[in-house]
Amino acid sequence: MEPIRVLQWGLGAMGSGMARLMLEKSGLKIEAVIDGRPDYVGKDLGDVLGVGKSLGVTITNRPEDVLKKEKVDLVILATTSWLSEQMPDLRKVLSAGINCISIAEEMADPYAQSPELARELDELAKKHGVSVLGTGVNPGFVLDLLVVTLTGGNHSVERIEASRVNDLSPYGPTVMKSQGVGTTPEAFRAGVADGSIVGHVGFPESIHMISDALGLGVDRIEQSREPIISKVHRETPHVTVEPGMVAGCAHIGVGYRGDKEVIRLIHPQQIHPQLENQDTGDYIHIYGKPEIHMAVKPEIAGGIATMGIAVNMIPHVVAATPGLKRMIDLPAPAALMGESAYSRHI
Ligand code: NAD
């Protein structure tokens, strides 16, 4: 079996983890890497990853040199959260006739907030005979695909409530800022008002996917962001939180059909939740026939699972019919542990 040839675009925390994972997979080969960081450009991938040997792949900041469909079967984009920011790069990949996976949160379901861009991506992919998917741990898995899959045996579903309670401590300064960690409650509220504190990115996408998959008819989505105010001293390498300051963001997204609430997604994220006896976990409650309650404790590890799901979806995206796909449109992801995991579509 010939390995699937992958171009990794974006070699940050997620992209470098994906690259390391792909090196372990016999069915995948890293053909090229793009990143704009001046300290990476021109270096061998092996040196940047610190794997102790040269891999014969030189990092470039010139997409036009490596986006060749004769050499690359699929591009993984791990650069930004925002669809509008990623559109120029998505256009380049699809126009080159190459399949694409993106972990941009807004790419999980571009129909949710940008139907025009979604249609453009769908048409472009179809024109060039390739497919494009947005995925990740969340959105892309825990608060959408997993929810949808759990209803697989249901006769009916009245209402869904799902929550992901996690620990932000491992993340860097960008995440601390976008979640408002280390601010005062007043600065947090001002940040939410001016858009500099966003909390989680992905509720409209997850709610739209669940509603679409089940036919729940959600016609309105509302979101709220509240500060999680610490009672104790908390600290990470990037931020210090004294009692009375903000340790995280309690973000809620609710989907309504008319005036009836049908989907509630809850995502409180904070540093060191254990210091106030807060367990972490993923919880899904389906109210209908039958009623289902699922708990995963602690939560599915976000970084590991994002790298994993993006890589594990590669064979599905290469084998998919052309067009824009969401996780609800393709076969369920599975870990790539042997030859049948790559070849079962052929
Ligand atoms: P990061 O900041 O560590 O890395 C981004 C990398 O991309 C950097 O090396 C940067 O130089 C490079 N880059 C950015 N734009 C580029 C461009 N146009 N061309 C070339 N290189 C470019 O970020 P990360 O932690 O790796 O995450 C990447 C994105 O994925 C973030 O926006 C993050 O929010 C998102 N994400 C989504 C999920 C999900 O569940 N869907 C999970 C994790 C991360």
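Residues numbered from 1 in each chain as written. Predicted model: local features only at pLDDT ≥ 70, side-chain atom pairs only at ≥ 80, totals over all residues. Heavy atoms only, no water.

- Looking at an unreviewed UniProt entry, one finds the protein chain named Dihydrodipicolinate reductase, with Levilinea saccharolytica as its source organism.

### Quick look at the UniProt feature "domain: 2,4-diaminopentanoate dehydrogenase C-terminal" (unreviewed entry) in the protein chain
Moving on, step 1. UniProt's entry tags residues 141–342 with the feature "domain: 2,4-diaminopentanoate dehydrogenase C-terminal" (unreviewed entry), counted in the numbering of this structure.
Moving on, step 2. Helix makes up 28% of residues 141–342 and strand 33%, whereas the separation of the span's terminal C-alpha atoms amounts to 20 Å. (UniProt positions renumbered as here; feature names shortened; annotations may be inferred. Helix = DSSP H or I, 4+ residues; strand = E, 2+ residues; numbered from the N terminus.)

### Quick word on the site of the ligand
Moving on, step 1. The immediate surroundings of the ligand are formed by 22 residues, with M14, D35, S81, E105 and N138 found nearest.
Moving on, step 2. Between M14 and the ligand, the recorded distance is 2.8 Å, taken from a backbone N or O atom to an oxygen atom.
Moving on, step 3. Considered on its own, the ligand offers 860 Å² of accessible surface; in the complex 70% of this is hidden by protein.
Moving on, step 4. The cavity where the ligand resides is the largest pocket.
Moving on, step 5. Across the shell around the ligand, the residue classes break down as 8 nonpolar, 10 polar and 4 charged. (Near = heavy atom within 4 Å. Polar contact = N/O pair within 3.5 Å; in protein donor to acceptor, adjacent residues only side chain to side chain. Areas by Shrake-Rupley, 256 points an atom, 1.4 Å probe, with all protein chains shown as cover. 1 Å grid on protein atoms, 1.4 Å probe; cavity = no way out; pocket = protein on both sides within 12 Å on 5 of 7 lines; lining within 4 Å. Sits in = over half its atoms within 2 Å of the grid points. Nonpolar A, V, L, I, M, F, W, Y, C, P; charged D, E, K, R; others polar.)

### Observations regarding the pattern of salt bridges
Moving on, step 1. Tallying each qualifying case throughout the model produces 16 salt bridges.
Moving on, step 2. Between E226 and R189 there is a salt bridge, with the nearest N and O atoms lying 3.1 Å from each other. Of the two residues, E226 sits in strand β8 (residues 220–229) while R189 sits in helix α8 (residues 185–194), which places them 37 residues apart along the sequence.
Moving on, step 3. Relative accessible area serves as the criterion here: at 38%, E226 is assigned to the partly exposed category.
Moving on, step 4. With a closest N to O distance of 2.8 Å, D212 and R326 form a salt bridge. (Salt bridge = Lys/Arg side-chain N within 4 Å of Asp/Glu carboxyl O. Buried < 20%, exposed > 50% of the residue type's maximum accessible area, 1.4 Å probe, protein only.)

### Let's talk about the pairing of strand β7 (residues 156–167)
Moving on, step 1. As judged from the 9 bridges shared by β7 and strand β13 (residues 281–289), these two strands associate in the antiparallel manner. Among the inter-strand pairings, R164 is bridged to a residue of β13, identified as D282.
Moving on, step 2. Judged from the 6 bridges that link them, β7 and strand β12 (residues 260–270) form a sheet pairing that is parallel. Residue pairing for β12: E161 is matched across the bridge by R264. (Pairing = 2+ DSSP bridges.)

### Description of the sheet that holds strand β14 (residues 292–296)
Moving on, step 1. An order of β8-β11-β12-β7-β13-β14 is seen for the 6 strands of this open sheet, with the pairing classed as mixed. In the strand order of this sheet, the two ends are held by β8 and β14, each with one partner. Geometrically, the sheet is characterised by an average inter-axis angle of 10° between neighbouring strands, direction not taken into account.
Moving on, step 2. Contacts from helix α9 (residues 203–214) reach β7, β8, β11 (246–257) and β12, with the element oriented near 145° to β12. (Axes fitted to C-alpha atoms, helices over the stretch in contact; angles between N-to-C directions. Contact = heavy atoms within 4.5 Å.)

### What to know about the sheet that holds strand β1 (residues 4–9)
Moving on, step 1. On the basis of which strands lie adjacent, the open sheet formed by 7 strands has the order β3-β2-β1-β4-β5-β6-β15 and parallel pairing. Unpaired on one side and paired on the other, β3 (59–60) and β15 (323–325) mark the two borders of the sheet.
Moving on, step 2. Along the sheet, helix α5 (residues 115–127) contacts β6 (131–134) and β15; its crossing angle with β15, the most-contacted strand, is approximately 125°.

### Examining the packing of helix α4 (residues 83–95) against α5
Moving on, step 1. Contact geometry of α4 with α5 gives a least axis separation of 10 Å together with a crossing angle of 10°. The angle between the axes of α4 and α5 places the two elements in the roughly parallel class. Residues L83, M87, L90, R91, L94 and S95 of α4 pack against L117, E120, L121, L124 and A125 of α5.
Moving on, step 2. Residue composition of the contact of α4 with α5, grouped by class: 8 nonpolar, 1 polar and 2 charged. (Parallel < 35°, antiparallel > 145°, perpendicular 65-115°, else oblique.)

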